[in-house]
Amino acid sequence: MLISERLKNIKPSGVRRIFDLARQMKDPINLSIGEPDFDIPVPLKEEGIEWIRKGFNKYTPTQGIPELREKITLHLKKKGIQFEEVMVTAGVTGGLLLASLALINPGDEVIIPDPFFVMYEYQVLLMGGIPVFADTYPDFRLREEEIVKKISKKTKFIIINSPNNPTGAIYPEEDLRMVVRVARERDLLILSDDIYDNFVFDAPSCSCIGQFYEKTLTFGGFSKGWAMTGWRLGYVAGPKEILRQMITLQQYTFSSMNSFAQKAAIKALDFNVEHYIAGYKKKRDLIYNGLKEKFIVQKPQGAFYLFPEVPGGNGEAFVEKAIQQNLFIVPGSVFSKRNTHVRISFAASEETLLKGIEVLNRIS
Ligand code: PLP
């Protein structure tokens, strides 16, 4: 056989499918997108361009340039995150891949609260691991009995993502502390994907696992907060023992990271994005208020997604109806073992959101 056994359970991303469909349409109402609708702020773009002009265009150290690693260290220390080592990665995606390669043996189990970001399931499968889902419906809270029930002798780690894609939920501190207690009692590692940590709407900031537990790999990035999705930059911080292996793996996979983006990222960590977040809070309010009468929906506390249950309870059928009206959203089944919900991104203009709200209410 030409293709490796490793790929036998791997399917193309359901989000990409909707995204590609929308791209073929004229004037789609596209609420399927998982990236900010603003461009990289001008001073950060200028910084990147400046470093290209200065000739900072060669390979950089595998673990990232020292001045960016120092800046990330300060940033995480300010947040109270515990870690021993930090490395720069090709987005959170690259960091997750290195962590999966470093940690998962075939047959190892990984606990993933459901709904979840699609990549977690497939990266675990790619390593021959077994994703084990812990249900968080209907209010998207972490429940001790549900998580404990899923832990076995084969459990390797738990993945937590807060603010969450696709639900927009932020797990309250008591939920995070509960997961830490459960993990500590069993000496389990936690992977904490904090990529949306500056998209927080109703409080100045949110708690994260790394503040409470030393056996955490904390993932962060520049794709969402500073709209650098195409520049592919993120980082991982955590125990030295694991990070050292991940840095070695990076030598043989990604080699080194985007040079000029690392320089711009130093500036990004000092660049205040509050006014963007305030704009997203307005969009959140607009779409939540526009849909709450007809849909059962939790108010998103962060990120830029809404995850309502659809009338009739069939997310995929609902998405088909929406697409017939030129509206692109993603069925919940892409992010979950259930097919009762849909993911709506509010990273779009107010005009697009208003059109989307109108169609959603009409077809519900
Ligand atoms: N983690 C979550 C929860 C995401 O939603 C995304 C992007 O949609 C990523 C990670 C990927 O981020 P990056 O662009 O840093 O690879």
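As the structure is a computational prediction, the values presented were derived from the model and not from experiment.

> Please explain the environment of Thr93 as it appears in this structure.
Among the secondary structure elements, Thr93 is positioned in helix α4 (residues 91-103). It is 18 Å that separates the C-alpha atoms of Thr93 and Phe304, two residues lying 211 residues apart in sequence. If we ignore the near neighbours within four places in the chain, the residues touching Thr93 are Met119, Gln123 and Arg232.

> In this structure, what is going on with the domain arrangement of the chain? I would like to understand it.
By a widespread convention, an interface's size corresponds to the accessible area lost as its parts come together. When cut into domains, the chain gives domain 1 (5-40 + 273-363) and domain 2 (58-268). A separation of 24 Å is found between the C-alpha centroids of domain 1 and domain 2. Counting from both sides, the interface comprises 34 residues of domain 1 and, opposite them, 35 residues of domain 2. A per-residue breakdown of the area domain 1 buries against domain 2 is headed by Ile40, Gln301 and Phe335, which together make up 19% of the total. At the junction of domain 1 and domain 2, the tally comes to four salt bridges. Notably, a salt bridge pairs Glu121 with Lys337, separated by 3.1 Å at the nearest N-O pair. Where domain 1 meets domain 2, there are 16 residue pairs in polar contact (both at pLDDT 80 or more). Elements with a minimum of two residues in the side of domain 1 that touches domain 2: α10 (274-291) and β9 (305-306). Ranked by residues supplied to the side of domain 1 that touches domain 2, first place goes to α10 with four residues. Classifying every residue of the side of domain 1 that touches domain 2 gives 17 nonpolar, eight polar and nine charged.

> Just checking my understanding: could you explain the site of the ligand for this structure?
Taken together, 13 residues lie near the ligand, and Thr93, Asp193, Tyr196, Ser223 and Lys224 sit nearest. One of the side-chain N or O atoms of Tyr196 is found 2.7 Å from an oxygen atom in the ligand. The side chain of Arg232 places a nitrogen or oxygen atom 2.7 Å from an oxygen atom of the ligand. Out of a free accessible area of 400 Å², the ligand has 92% covered by protein chains. With three residues, the single largest contributor to the shell around the ligand is α4. The class makeup of the residues in the shell around the ligand is five nonpolar, five polar and three charged.

> Whenever I open this one, the packing of α4 against helix α8 (residues 240-252) confuses me. Can you help?
The packing of two helices is summarised by the inter-axis angle and the distance between the axes. In contact at an axis separation of 9 Å, α4 and α8 are set at 110 degrees when each is read in the N-to-C sense. As far as their axial angle goes, α8 and α4 are roughly perpendicular. α4 and α8 meet at a crossing whose hand is right-handed. Here Gly95, Leu98, Ala99, Leu101, Ala102 and Leu103 of α4 come into contact with α8, specifically with Ile242, Met246, Leu249 and Gln250. Looking at the contact of α4 with α8, its residues break down into eight nonpolar, two polar and no charged.

> Even after reading the chapter, I still don't get the pattern of salt bridges, so can you show me in this structure?
Here the idea is simple: oppositely charged side chains can pair when their charged atoms come close. Overall, the coordinates contain 27 salt bridges when judged by the stated rule. One network of salt bridges, with partners in common, ties together Glu144, Arg181, Glu185 and Arg186.

> Is there a simple way to think about the sheet that holds strand β2 (residues 85-89) in this case?
What holds strands together in a sheet is hydrogen bonding between their backbones, with the strands either parallel or antiparallel. What the seven strands build is an open sheet, ordered β2-β8-β7-β6-β5-β3-β4; its pairing is mixed. Strand pairing shows two members of the sheet lacking a second neighbour, β2 and β4 (130-135), which therefore form its edges. Along the sheet, successive strands turn relative to each other by an average axial angle of 20 degrees, direction set aside. Two strands pair when backbone bridges link them, and β2 and strand β8 (residues 234-238) are joined in this way by five bridges, in the antiparallel orientation. Looking across to β8, one finds that Met87 is bridged to Val236.

Basis of the calculations
Residues numbered from 1 in each chain as written. Predicted model: local features only at pLDDT ≥ 70, side-chain atom pairs only at ≥ 80, totals over all residues. Heavy atoms only, no water. Helix = DSSP H or I, 4+ residues; strand = E, 2+ residues; numbered from the N terminus. Contact = heavy atoms within 4.5 Å. Domains from an automatic or database assignment. Buried area = accessible area lost by both parts, 1.4 Å probe. Salt bridge = Lys/Arg side-chain N within 4 Å of Asp/Glu carboxyl O. Polar contact = N/O pair within 3.5 Å; in protein donor to acceptor, adjacent residues only side chain to side chain. Nonpolar A, V, L, I, M, F, W, Y, C, P; charged D, E, K, R; others polar. Near = heavy atom within 4 Å. Areas by Shrake-Rupley, 256 points an atom, 1.4 Å probe, with all protein chains shown as cover. Axes fitted to C-alpha atoms, helices over the stretch in contact; angles between N-to-C directions. Parallel < 35°, antiparallel > 145°, perpendicular 65-115°, else oblique. Left-handed = near helix turned anticlockwise from the far one by under 90°. Pairing = 2+ DSSP bridges.

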